[in-house]
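Coordinate analysis (summary)
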Amino acid sequence: MAIPGREIFRTYDEFGCIQVFDDGQKRYLGFGSNDEQSCLLKDNPSLLAHGYTRAMLLCLLLHEPRRAVMLGLGGGSLINCLYHRLPDLQLQAVELRAEVTRVAQRFFQLPRDERVQVTIADFATYLETAPAHSADLLLCDVFTGEGLDGRLLQPDFLEQSDRLLSDDGWLVMNCWVDHRLEKVMLAELGRRFRSVYLCATQEGNWIILAGKPAVEFTEKQLTAAAKKLSPQLGFSLAPFIKRMTRYQA
């Protein structure tokens, strides 16, 4: 399915095409394929447009982070939401393509503020060199025009994520539902993280929430926390709670 709207901008870098589409109400980022990489609601830029990005914020019901690192910037929808709706949170984005960052600032209202730091680097290199225990939340949404970056499924990535996160930190990954068959990855998650929750979205995404501390929550407790948080986020996380399951090795 083609990305909606009219193409209003196109550029190229060493990795390929970067496109911006606009349908009047929404603005979309594309990487030269029919897969939408990011979406901005023009009348409410800090409100997340897609269910899978909202589901990634289920982590806020499990933990209150102080510093978050985002691997893969895209149009910056998650950064934009967290910047405006969690004003005490320090944000670090890691993006391979400098041109993507410029497009996010020009067309998708990526905040220009000292609370938002953007590092242009390959995420694997960043993880190898970042200080240990320097983040409370690691959000991973690393897709190319061909799909999910396969390195996210490897044990080395989970080892480096474990090293980066604080003792009460959480890793959140946006994958496809097909990745439920990645037994090696799931076993490594279960070995390194004491709490692993999974959430399949209606869009076909599969959100992994892996915490270093051992936590147990009932659906009732999570629903109450979602009700409390929804005015701040501008949407409710309650619909995703029913789709959450706890991974058991």
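Data block above holds the structure.
Treat the numbers as computed from the prediction; the structure is a model and nothing was measured.

In this section: the side chain of S166. On the secondary structure map, S166 appears in strand β11 (residues 165-176). Accessibility expressed as a relative area gives 8% for S166, which makes it buried. At 3.0 Å, the side chain of S166 forms a polar contact with the side chain of D136. With sequence-adjacent residues up to four places away left out, S166 is seen in contact with H133, A135, D136 and K212.

The mixed open sheet is built from 8 strands, whose spatial order is β7-β6-β5-β8-β11-β13-β12-β14. Of all strands in the sheet, those bounded by a partner on one side alone are β7 (116-120) and β14 (244-246). Going from strand to strand, the sheet's axes swing by 15 degrees on average, the running direction of each strand aside. When β11 meets strand β13 (residues 205-211), the two strands line up antiparallel, connected through 7 bridges. The residue bridging N174 from the neighbouring strand is I207, located in β13. Relative to the sheet, helix α6 (residues 155-164) contacts β5 (67-71), β8 (135-140) and β11, its axis offset from that of β11 by approximately 145 degrees. Across the sheet, helix α7 (residues 183-192) touches β11, β12 (195-200) and β13, and the angle it forms with β13 is around 25 degrees.

So, about the packing of α6 against α7. Taken N-terminus to C-terminus, the directions of α6 and α7 make an angle of 20 degrees; their axes are 10 Å apart at the nearest point. When the axes of α6 and α7 are compared, the pair comes out roughly parallel. α6 and α7 meet at a crossing whose hand is right-handed. Residue-level inspection shows P155, L158, E159 and D162 of α6 in contact with α7, the latter providing V184, M185, E188, L189 and R192. For the contact of α6 with α7, the residue count by class is 5 nonpolar, no polar and 4 charged.

Formed by 45 residues in total, the largest nonpolar core has its most connected members in L57, L58 and L237. Examining the composition of this core, we find that 5 residues originate from one element, helix α3 (residues 77-85), more than from any other. By size, the runner-up hydrophobic cluster in this structure holds 32 residues, among which are L127, L153, L158 and C175.

Once that is clear, we can look at α3. Counting buried positions along α3 yields 8 of 9 residues, so the element is predominantly enclosed. Three or more residues of α3 are buried, namely S77, L78, I79, N80, C81, L82, Y83 and R85.

So, about the pairing of β12. The buried fraction of β12 is high, at 6 of 6 residues. Neither face of β12 is open: one carries S195, Y197 and C199, the other V196, L198 and A200, and all of them are buried. Direction of pairing for β12 relative to β14: antiparallel, over a ladder of 3 bridges. The partner of Y197 across the bridge, within β14, is R246.

Quick notes on the rules
Residues numbered from 1 in each chain as written. Predicted model: local features only at pLDDT ≥ 70, side-chain atom pairs only at ≥ 80, totals over all residues. Heavy atoms only, no water. Helix = DSSP H or I, 4+ residues; strand = E, 2+ residues; numbered from the N terminus. Buried < 20%, exposed > 50% of the residue type's maximum accessible area, 1.4 Å probe, protein only. Polar contact = N/O pair within 3.5 Å; in protein donor to acceptor, adjacent residues only side chain to side chain. Contact = heavy atoms within 4.5 Å. Pairing = 2+ DSSP bridges. Axes fitted to C-alpha atoms, helices over the stretch in contact; angles between N-to-C directions. Parallel < 35°, antiparallel > 145°, perpendicular 65-115°, else oblique. Left-handed = near helix turned anticlockwise from the far one by under 90°. Nonpolar A, V, L, I, M, F, W, Y, C, P; charged D, E, K, R; others polar. Core = buried A, V, L, I, M, F, W, Y, C linked by side-chain atoms within 4.5 Å.

Such coordinate-based values are descriptive only and should not be taken to indicate function.
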